Each structure stands twice: as C-alpha cells, then as structure tokens.
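Commentary on secondary and tertiary structure
Read off the chains here:
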Amino acid sequence: MIVSGDRDTIVEKLNAMEPILLDVLPLSLEEVFTYEMETLGYTFQIDGMTEEEHK
C-alpha cells in the first residue's frame with residue numbers, strides 16, 4: 001500500500017485496525033513513478049531500461 005500524508009497520523013489509523021504486521025518504508029521518487037506507471041499498464045524491464053505498454 002502506498003500512502004501519502006502525515007506519517008504519524010497514517011500509522012495511528014493503521015494501528016487502530018490491529019494489523020498483524022505494519023512496516024513503514026520510505027520510497028524513492030523512482031519507485032513511486034514505477035508503481036504509478038505500472039497501474040496505468042506499463043511494464044518496465046531492468047535490462048536496457050525499456051518500457052512496454054500492455055495492450
């Protein structure tokens with residue numbers, strides 16, 4: 001789950017749901033970009049850094 005906003009507020013709300021595991025990891029701009037593009041149907045390959053659009 002990628003969430004933006006105040007870290008403490010988000011962690012507090014998630015902890016209220018009593019999760020078995022909750023880990024907060026910072027993401028780089030590249031990781032967020034890749035995630036967002038994949039939700040739009042793009043695939044990224046590490047070899048040659050090429051991208052394809054899913055049809």
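Computed from a predicted model, the values in this text were never measured in an experiment.

What counts and how
Residues numbered from 1 in each chain as written. Predicted model: local features only at pLDDT ≥ 70, side-chain atom pairs only at ≥ 80, totals over all residues. Heavy atoms only, no water. Helix = DSSP H or I, 4+ residues; strand = E, 2+ residues; numbered from the N terminus. Buried < 20%, exposed > 50% of the residue type's maximum accessible area, 1.4 Å probe, protein only. Areas by Shrake-Rupley, 256 points an atom, 1.4 Å probe, with all protein chains shown as cover. Patch = residues over 30% accessible without salt bridge, like charges linked within 9 Å, V, L, I, M, F, W, Y side chains within 5 Å. Salt bridge = Lys/Arg side-chain N within 4 Å of Asp/Glu carboxyl O.

1. What about the overall build of the protein?
- Of regular secondary structure, the protein possesses two helices and two strands.
- In sequence order, the protein lays out its α and β elements as α-α-β-β.
- Evaluated residue by residue, the protein yields a buried proportion of 5% over its 55 residues.
- Of the accessible surface of the protein, which amounts to about 5,300 Å², a share of 56% is contributed by carbon and sulfur atoms.

2. Brief notes about unusual backbone geometry
- Although it is not a glycine, Glu18 sits at a positive phi angle of roughly 55 degrees.
- You can see Glu18 is positioned in the loop between α1 (7-15) and α2 (29-39).

3. Comments concerning a nonpolar patch on the surface
- Residues Ile2, Leu27 and Tyr35 make up a contiguous nonpolar surface patch of about 270 Å² in total accessible area.
- When you line up the elements, Tyr35 lands in helix α2.
- In this structure Tyr35 comes out as partly exposed when scored by relative accessible area, which is 39%.

4. Let's talk about the environment of Val3
- The topology assignment puts Val3 in the segment before α1.
- On a C-alpha basis, the gap between Val3 and Val24 in space is 9.9 Å, while along the polypeptide they are 21 residues apart.

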